[in-house]
Amino acid sequence: THLGPVVYRFQVLVALMLSSQTKDAVVGETMRSLQSHGLTVQNIHETDDAKLNSLINKVGFHNNKTKYMKAVAEILVSKYDGDIPTTAAEMMELPGVGPKMAYIVENVAFGTVSGIGVDTHMHRIFNDLKWVE
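Only a predicted model underlies this, so the values are computations on that prediction, with no experimental measurement involved.

What to know about the overall build of the protein
Across its full length, the protein carries 8 helices and 0 strands. For the protein, the succession of helices and strands along the chain, N to C, is α-α-α-α-α-α-α-α. For the protein, the C-alpha radius of gyration of 15 Å lies close to 14 Å, the compact-globule estimate for 133 residues. Counting only C-alpha atoms, the protein reaches 45 × 30 × 25 Å along its principal axes. Residue burial in the protein is summarised as follows: out of 133 residues, 37% are buried. Considering only contacts in the protein between residues 6 or more positions apart, those separated by 24 or more positions represent 48%. With an accessible surface of roughly 7,700 Å², the protein has 55% of that area assigned to carbon and sulfur atoms. Of note, the protein has its 12 positive side-chain charges centred 8 Å away from the centre of its 14 negative side-chain charges.

Things to note about the packing of helix α1 (residues 5–19) against helix α7 (residues 99–110)
Two numbers describe how α1 lies on α7: the axes approach to 10 Å, and their chain directions differ by 155°. On the basis of their axis angle, the class for α1 and α7 is roughly antiparallel. For the element pair α1 and α7, the recorded crossing hand is right-handed. Each of Tyr8, Arg9, Val12, Leu13, Leu16 and Met17 in α1 lies in contact with α7, whose residues at this interface are Met101, Ile104, Val105, Val108, Ala109 and Phe110.

Digging into the nonpolar core
Within the largest apolar cluster, 32 residues are counted, with the highest numbers of intra-cluster contacts made by Leu13, Leu18, Leu34, Met69 and Leu76. Of all the secondary-structure elements, those providing two or more residues to this core are α1, α2 (24–37), α3 (41–46), α4 (49–55), α5 (62–79), α6 (88–91) and α7. The residues touching Leu34, leaving out its near neighbours within four places in the chain, are Val14, Leu18, Leu39, Ile44, Leu52, Leu55, Ile56 and Met69.

Section: a nonpolar patch on the surface
A contiguous nonpolar patch, built from Met122, Ile125, Leu129, Trp131 and Val132 and spanning about 490 Å² of accessible area, is present on the exposed surface. Along the chain, Trp131 turns up in the segment after α8 (120–128). With relative accessibility at 61%, the residue Trp131 sits in the exposed group.

What to know about the side chain of Glu106
For Glu106, the location among the structural elements is in helix α7. Among buried Asp, Glu, Lys and Arg side chains, Glu106 stands out as unpaired, with Arg9 the closest opposite charge at 12 Å. Not counting chain neighbours up to four residues away, the residues in contact with Glu106 comprise Thr86, Thr87, Ala88, Met91, Gly111, Thr112, Val113, Ser114 and Gly115.

Criteria and cut-off values
Residue indices begin from 1 for each chain and proceed along its sequence in written order. Local features in this predicted model are restricted to residues of pLDDT 70 or higher, and side-chain atom pairs are both shown and tallied only at a pLDDT of 80 or more, whereas totals for entire chains, interfaces and linings draw on every residue. Here the side-chain values reflect all heavy atoms present in the structure, with hydrogen atoms and water set aside. Numbering goes from the N terminus for both helices and strands, where a helix is a DSSP run of H or I of at least four residues and a strand is a run of E of at least two. Radius of gyration: C-alpha atoms only; globule rule: 2.2 Å multiplied by the number of residues to the exponent 0.38. Relative accessibility thresholds used throughout: buried, under 20% of the residue-type maximum; exposed, over 50%; partly exposed, between the two (1.4 Å probe, protein chains only). We call two residues in contact when some of their heavy atoms are within 4.5 Å. Each accessible area is a Shrake-Rupley result for a 1.4 Å probe, and residues are judged covered by the shown protein chains and nothing else. We score Asp and Glu as negative and Lys and Arg as positive, and we do not count His or the chain ends. Every charge is mapped onto a representative atom, which is NZ of Lys, CZ of Arg, CG of Asp or CD of Glu. To obtain each axis, a line is fitted to C-alpha atoms, and for helices this fit is confined to the stretch in contact; angles are then taken between N-to-C directions over 0 to 180 degrees. For classification purposes, an angle smaller than 35 degrees is called roughly parallel, one larger than 145 roughly antiparallel, one from 65 to 115 roughly perpendicular, and anything else oblique. In this scheme the handedness of a crossing depends on how the near helix is turned from the far one: anticlockwise by less than a right angle means left-handed, clockwise means right-handed. For this analysis, a nonpolar core means a set of buried residues of the types Ala, Val, Leu, Ile, Met, Phe, Trp, Tyr and Cys, connected via side-chain atoms within 4.5 Å. Patches in this entry comprise residues that are over 30% relatively accessible and not in a salt bridge; like charges within 9 Å are linked, as are nonpolar side chains (Val, Leu, Ile, Met, Phe, Trp, Tyr) within 5 Å. One side-chain nitrogen of Lys or Arg within 4 Å of one carboxyl oxygen of Asp or Glu is enough to make a salt bridge.

Note that every value here comes from positions in space, so none of it alone points to a role or purpose.
Right, dumping it as structure tokens:
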């Protein structure tokens, strides 16, 4: 967080985006690599796709995640003044960000809760148990 709250929030979002279909240790290693490169919205926005893909090539679906990260950086620069959206609902409009990620980012980055981030398997179990509709 020494780079400030805006960078911290972006890094939380990126970590969650990378975490899908990827082991935690690989996400940690990749985050450190990105941080060494300069993990800010502006820097990711300016990094070419091939370089970004090489930085995240150990995570699952890295080709798609490269596209998502580049698109998200563009949206954050053009629509949110380089910050992330403040609500989970707005975050879910970003490419590659689903409800689970958005709710967790909202809680970690802003300390607010509008939903609970659960994976699809738990959601299915809750439905089978008739705990949710």
